[in-house]
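Overview (structure and organization)
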Amino acid sequence: MTSTTEPVPICQSDPDTFWPWLTWAEFSRLDKKEDVLVVVPIAGYCDWGLGHALDAEESVLMPILAQASRLRAPQVRLLVVPPLRFVAGPGPRSAFAVDAPTTHAFLADVCASVQAAGFSRIVFFNASPWNEEIVDAAARDLRIDRGLQMFCVNLSALGLDFRADRGGDRAKLRCLLDGLHPSGSASGDGAAVLVEAARHLASLFSEIAARPPLPRGGRLISPMQP
């Protein structure tokens, strides 16, 4: 007997902007890659006491990103790489974590691959409270070392913060997690939370896309140069 149930994808994504779904031929036809925003999602594993699995960060992050991709302005060109899951987790109840230097190196390696494919504008979209400072530091170092135009958006900036000790609205998070479907959509009050966060993120993508490219192709001028 065969099942008629549709398989649940390993992560939620908008197929039109998800990097793995593009063929080599489609990549070869991409023009003006310098205008494309490549989003690198970051989510750790942690029991946040919300009654959901250890992948709650990704369960919130990816549906919001997929919905924001669908809601983005037409002029915003977007590609999304698969989420980075094995990152820092120094807090209590974290799992499958690596140390900060390894996380930094992981982020740098992924961005080096993105750059090798011809892209120079990268957005770190991070759900993990424990990785916010590491993400900022990695973005700064990549700007200096590789001339990449880096941007950082934390989930907490969208009003969804897993850390209750910072005043995070856990009621909103629980509402969204409780309402999520395997398809990545949400029902009830969770749907409103999802759309609100996605619209906020889509507006940030518009602001980022409107930023001018870095001068000199990202090359920094030494203060010793004339």
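Quick note: structure is the one above.
We now turn to the structure provided with this report. Since the structure is predicted, the reported quantities are computational estimates derived from the model, not experimental observations. (Residues numbered from 1 in each chain as written. Predicted model: local features only at pLDDT ≥ 70, side-chain atom pairs only at ≥ 80, totals over all residues. Heavy atoms only, no water.)

1. Focus on the sheet that holds strand β1 (residues 37-42)
- Taken together, four strands build an open sheet; the order of strands is β3-β1-β5-β6 and the sheet is parallel. Looking at strand neighbours, the two that pair on one side only are β3 (78-80) and β6 (149-154), the edges of this open sheet. Shown here is a sheet whose adjacent strand axes are inclined to one another by a mean of 25 degrees, direction ignored.
- Inspection of the sheet shows β1 paired to β3 by three bridges, in the parallel sense. Bridge pairing links V39 to V80 in β3.
- Sheet strands in contact with helix α2 (residues 56-71) are β1, β3 and β5 (121-126), and its direction is about 160 degrees off that of β1.
- Each of β1, β5 and β6 touches helix α4 (residues 132-146); the most contacted strand, β6, lies at about 170 degrees to it. (Pairing = 2+ DSSP bridges. Helix = DSSP H or I, 4+ residues; strand = E, 2+ residues; numbered from the N terminus. Axes fitted to C-alpha atoms, helices over the stretch in contact; angles between N-to-C directions. Contact = heavy atoms within 4.5 Å.)

2. Quick look at the environment of D14
- Positionally, D14 belongs in the segment before α1 (24-28).
- You can call D14 buried: its relative accessible area is 7%.
- Separated by 106 residues in sequence, D14 and S120 have C-alpha atoms that sit 21 Å apart.
- The residues touching D14, leaving out its near neighbours within four places in the chain, are A66, S69, R70 and R72. (Buried < 20%, exposed > 50% of the residue type's maximum accessible area, 1.4 Å probe, protein only.)

3. What to know about the nonpolar core
- Formed by 41 residues in total, the largest nonpolar core has its most connected members in I64 and F125.
- Every element with two or more residues in this core is listed here: β1, α2, β3, β5, β6, α5 (170-179) and α6 (189-209).
- The element best represented in this core is α6, accounting for eight residues.
- Not counting residues within four places of it along the chain, the set of residues in contact with I64 comprises F125, L155, L158, L160, L176, L194, A197, A198 and L201.
- The next biggest cluster of nonpolar side chains, apart from the first, holds 26 residues, and it includes V81, A88, V110 and A139. (Core = buried A, V, L, I, M, F, W, Y, C linked by side-chain atoms within 4.5 Å.)

4. Let's talk about the pattern of salt bridges
- Evaluation of the coordinates by the stated rule reveals eight salt bridges.
- One salt bridge in this structure joins R166 and E132, with 3.0 Å as the shortest N-O distance. Residue R166 is located in the loop between β6 and α5, and its partner E132 is located in helix α4; the two are separated by 34 residues in the primary sequence.
- By relative accessible area, R166 is classed as partly exposed at 36%.
- Here the salt bridges share partners, and the residues they tie into one network are E132, D161 and R166. (Salt bridge = Lys/Arg side-chain N within 4 Å of Asp/Glu carboxyl O.)

5. Here's the deal with the packing of aromatic side chains
- Scanning all chains against the criterion turns up nine aromatic pairs.
- Pairing W24 with F27 gives two aromatic rings, centres 6.5 Å apart and planes at 50 degrees, and the pair type is tilted. Residue W24 and its partner F27 are located together in helix α1, separated by three residues, close to a single helical turn.
- For F27, a relative accessible area of 10% gives the class buried.
- Chaining the aromatic ring pairs together yields one cluster made of W19, W24, F27 and F119. (Phe/Tyr/Trp six-rings, centres within 6.5 Å; stacked < 30°, edge-to-face > 60°.)

Such coordinate-based values are descriptive only and should not be taken to indicate function.
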